[in-house]
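Breakdown of the fold
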Amino acid sequence: MTARNDASDGELTLQVTRRADLTSEVVLLELAHPAGDLLPEWAPGAHIDLVLPNEMTRQYSLCGDPSDRSVYQVAVFLEPQSRGGSRWIHQELKAGDKISVGGPRNHFPFTPTERVMFIGGGIGITPLIPMMAAAAEAGIEWELHYGGRSRHTMAFREEIEARFGSERATFIPQDECGLIDLESLLGTPRENTSVYCCGPGPLLDAVENRCASWPKGSLHIERFSAKTIEGAVNMEFEVELANSGRTLTIPADRSILDILDDEDITVASSCRDGTCGTCETAVLEGEVDHRDSVLSDEERESDEMMMICVSRCRGPRLVLDL
C-alpha cells in the first residue's frame, strides 16, 4: 500500500501571516513558521490539522502552491451548524496569532490519467486548485465544473478564471443555473479519464452513483463530513494488540478507539468520524467492516488498513499492529 502521509504527525506552531475574506463565509489564512523555517513538503490533495482551543482539531485542505514551502494556505468556510471550530477561526483568529498545526497528510492524492474532470461544490474547490495547477503544468487535458449557491459565495472563482481561463472552467451558480448537470457530465463512462470531486455529501453521493458504471478506479473523492452507512449493525468483537499480546473486548456501542482511550493506549486521532485518516492502523488478521470516508474501494478490499475510530470487525476478532 502506498504511504498516505506526506510528513510526520508532529505538530508545528505557525503564525498567521495573512488573513483575507474571500467571501462573506470563507476566510483565507496563510501560515508560516515564526522563524522563517521551511515547512514540511506536501502534494496536491493534502490537508493540515488546525489545533484550536478546547482541544478541537479541524482539517483544512491546502490550496496554495506546493513548491512554496515558506507558507501554507487554507480557506475556511463558516459552517452554518458549526460546533465551534470554523466559528472560532472566523471570529477570533487574527493575523499575527500563533496556532498549532499538524500534518500535512494526504488521503486525496492526485494521480491523473490522460484526462481529468474536476467537480467542485462550494468549499470543496480548495483541494482541486493545486491539482488543476499540476495538471496544467503537466500538459494534461482537464476541465473544471464548479458549483455554488451563487457567484458571490464561490471562493476563488475570479482567481481560477484569470489563472486557467474560462475555456477550462465552468461555473454553475445554483441561483442562476440550478445544480451541476451530472447526468450530462458522467452519464456516459469515459476511458482514460479520472474524476476528482470534493464538496458536500449530497454532491459526492450523486457523483458516486453516476460513476458506478465507469472503469474501476476512475473516481476519486474527498469528504469533509462522514458518509452515512445504511443498515449498519454493531456487534461486539475482540481486538488483539499484536505488539503487546493484549486482547480487548469492543462493545457494540463503543469504537476501538474509545476502548484504547479507556486503557490509556495512545493512538493519534483527530476527527473521530472517519474523515481525516489520522487513526489509520494496520490490520494483521481479520475481516474489517469499513465505515470510513478515506480509503478507496481497492484499499477496503485488501483489509490491510482501517480507521479505528469508526470501522469495526465483520467477524469475532481482529489483530492490529498496535
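All of the points below concern the structure found in this document. (Residues numbered from 1 in each chain as written. Predicted model: local features only at pLDDT ≥ 70, side-chain atom pairs only at ≥ 80, totals over all residues. Heavy atoms only, no water.)

**Some thoughts on the pattern of salt bridges**
Oppositely charged side chains are able to pair whenever their charged atoms sit close together. Spelled out, the test is: Between Lys or Arg on one side and Asp or Glu on the other, a salt bridge is scored when a side-chain nitrogen of the former is within 4 Å of a carboxyl oxygen of the latter. Secondary structure elements are defined from DSSP: runs of H or I of at least 4 residues count as helices, runs of E of at least 2 residues count as strands, and each element is numbered from the N terminus. Buried, partly exposed and exposed residues are distinguished by accessible area as a fraction of the type maximum, computed with a 1.4 Å probe on protein chains only: under 20%, between the cut-offs, and over 50%, respectively.
On inspection of all chains with the given rule, the structure shows 23 salt bridges. Among the salt bridges present, the one from E285 reaches R317, with a minimum N-O distance of 3.6 Å. Placement of the pair is E285 in strand 14 (residues 280-285) and R317 in strand 18 (residues 317-320), with a sequence separation of 32 residues. Classification of E285 as partly exposed rests on a relative accessible area of 45%. Each of R254, D258, D261, D262 and R272 takes part in salt bridges that share partners, so that together they form one network.

**Re the nonpolar core**
What counts here: Working definition of a nonpolar core: buried Ala, Val, Leu, Ile, Met, Phe, Trp, Tyr and Cys residues. They are joined through side-chain atoms within 4.5 Å. Note on definitions: a residue-residue contact is assigned when non-hydrogen atoms from the two residues lie within 4.5 Å.
Counting 31 residues, the largest nonpolar core has F118, I125, M132, L144, F156 and I160 as the members making the most contacts within it. The set of elements that each furnish at least two residues to this core consists of strand 2 (26-32), strand 5 (72-77), strand 7 (115-121), helix 2 (128-138), strand 8 (141-148), helix 3 (157-164), strand 9 (169-173) and strand 10 (193-199). Of the residues forming this core, the biggest block, six residues, is contributed by helix 2. If near-sequence neighbours (up to four positions away) are discounted, I125 is found in contact with M132, L144, Y146, A155, F156 and I160. Ranked by size, the runner-up nonpolar core spans 24 residues in total, among them L241, C279, L295 and C313.

**Focus: the environment of P127**
Looking at where P127 falls in the secondary structure, it is placed in the loop between strand 7 and helix 2. Residue class for P127 comes out buried when judged on its relative accessible area of 0%. Separated by 17 residues in sequence, P127 and F110 have C-alpha atoms that sit 9.8 Å apart.

**A word on the pairing of strand 6 (residues 98-106)**
The test is simple: Two strands pair under a simple rule: DSSP has to find at least two bridges between them.
Across the nine residues of strand 6, seven count as buried, placing the element largely inside the fold. Bridge count between strand 1 (residues 12-21) and strand 6: four bridges; the pairing is antiparallel. What sits directly across from L14, in strand 6, is I99. Where strand 3 (residues 46-51) meets strand 6, five bridges bridge the pair, whose relative direction is antiparallel. Opposite L50, over in strand 6, you have V101 as the bridge partner.

**Here we look at the side chain of T23**
Stated formally: Two N or O atoms count as a polar contact when they lie within 3.5 Å, although within protein this holds only if one can serve as hydrogen donor and the other as acceptor, and sequence-adjacent residues are included solely when both atoms are side-chain atoms.
Among the secondary structure elements, T23 is positioned in the loop between strand 1 and strand 2. Polar side-chain contacts of T23 include one of 3.0 Å to the backbone nitrogen of E25. A polar contact is formed between the side chain of T23 and the backbone nitrogen of V26, at a distance of 3.0 Å. Setting aside residues no more than four positions away along its own chain, T23 makes contact with H152, T153, M154 and A155.

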